[in-house]
Amino acid sequence: MSASLRKMKLIHVACRELALDQDDRRALQLEVCGKASMSEMTEQDMDAVLDRLKKDGFNPNSKPGKTHRAAPRSDLRLIHVLWRKLGDAGVLDRPDRAGLNAFVRSRFGDHWQSVPADIDMLREKDQIDAVIRALKAWGKRAGIDFDFGRTGR
């Protein structure tokens with residue numbers, strides 16, 4: 001198997017583990033190397049995309065089954081998207097999942113009766129909304145545009 005084919009497969013594995021669909025993957029590739037299609041990418045382009053995916057939390061050495069799937073609810077997925085946008089803007093010390101969990105514990109630990117070990121374990125709508133509001137407020141203070149191009153909302 002050629003090195004390019006191995007890298008293509010690894011990019012697909014990384015995107016699956018990070019819960020990125022095909023449109024998200026192509027947008028990421030376009031942002032990183034200016035090419036939406038992997039067939040147009042050089043090995044250096046693929047390396048740059050893999051480096052970005054690793055920065056976003058992909059660990060190529062992790063054992064199968066130990067990865068985190070997409071959050072079970074859309075409101076929880078929004079929290080992950082907001083956190084990633086804050087990380088992309090460079091305002092986070094820890095842009096990974098552990099950083100998000102630490103933020104929730106430090107920000108809400110004194111206000112809630114109990115704080116879950118992982119953000120995706122949140123079930124109370126009021127708590128989820130509070131995290132979303134806090135992340136959006138942080139983004140506003142940092143001058144980050146959270147406009148996702150949606151209409152009708």
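The shown structure was predicted, so the numbers you read here are calculated from the model rather than taken from an experiment.

## Description of the overall build of the protein
Counting secondary structure elements, the protein contains six helices and zero strands. Out of the 153 residues in the protein, the part that is buried amounts to 33%. Taking the intrachain contacts of the protein between residues at least 6 apart in sequence as the baseline, contacts between residues at least 24 apart amount to 57%. Carbon and sulfur atoms make up 47% of the accessible area of the protein, which amounts to about 9700 Å² in all.

## Some points on the nonpolar core
Counting 21 residues, the largest nonpolar core has Ile79, Phe103, Val104, Phe108, Val131 and Leu135 as the members making the most contacts within it. Secondary-structure elements contributing two or more residues to this core are helix H4 (74–88), helix H5 (97–108) and helix H6 (125–141). Sequence-distant contacts of Ile79, that is, excluding residues within four places in its chain, are made with Leu100, Ile119, Ile128, Val131, Ile132 and Leu135. Leu20, Cys33, Met38 and Leu50 belong to the second largest nonpolar core, which has 13 residues in total.

## Points about the pattern of salt bridges
Evaluation of the coordinates by the stated rule reveals six salt bridges. Notably, a salt bridge pairs Asp88 with Arg52, separated by 3.3 Å at the nearest N-O pair. Residue Asp88 is located in helix H4, and its partner Arg52 is located in helix H3 (residues 43–55); the two are separated by 36 residues in the primary sequence. Look at Asp88 and you get partly exposed, because its relative accessible area is 37%. Given the relative accessible area of 12%, Arg52 is considered buried. The shortest N-O distance in the salt bridge between Asp129 and Lys125 comes to 3.2 Å. Residue Asp129 and its partner Lys125 are both found in helix H6; the two are separated by four residues, about one turn of the helix. By relative accessible area, which is 24% here, Asp129 ends up partly exposed. When salt bridges that share partners are traced, they join Lys7, Glu43 and Asp47 into one network.

## Focus: helix H1 (residues 3–17)
Between its first and last C-alpha, H1 extends 21 Å over 15 residues, near the 21 Å set by a 1.5 Å rise per residue. Of all the positions in H1, only Lys7, Ile11, Ala14 and Cys15 are classed as buried. Projected onto a plane normal to the axis of H1, the buried residues spread over an arc of 95° and lie on a single side. The inward-facing, buried residues of H1 abut helix H2 (22–33) and H3. Ala19 occupies a position one or two residues after H1 and carries a positive phi of about 60°.

Cut-offs applied
Residues numbered from 1 in each chain as written. Predicted model: local features only at pLDDT ≥ 70, side-chain atom pairs only at ≥ 80, totals over all residues. Heavy atoms only, no water. Helix = DSSP H or I, 4+ residues; strand = E, 2+ residues; numbered from the N terminus. Buried < 20%, exposed > 50% of the residue type's maximum accessible area, 1.4 Å probe, protein only. Contact = heavy atoms within 4.5 Å. Areas by Shrake-Rupley, 256 points an atom, 1.4 Å probe, with all protein chains shown as cover. Core = buried A, V, L, I, M, F, W, Y, C linked by side-chain atoms within 4.5 Å. Salt bridge = Lys/Arg side-chain N within 4 Å of Asp/Glu carboxyl O. Expected span 1.5 Å × (residues − 1). Arc of directions from axis to C-beta.

Purely spatial values, then, with no claim about function.
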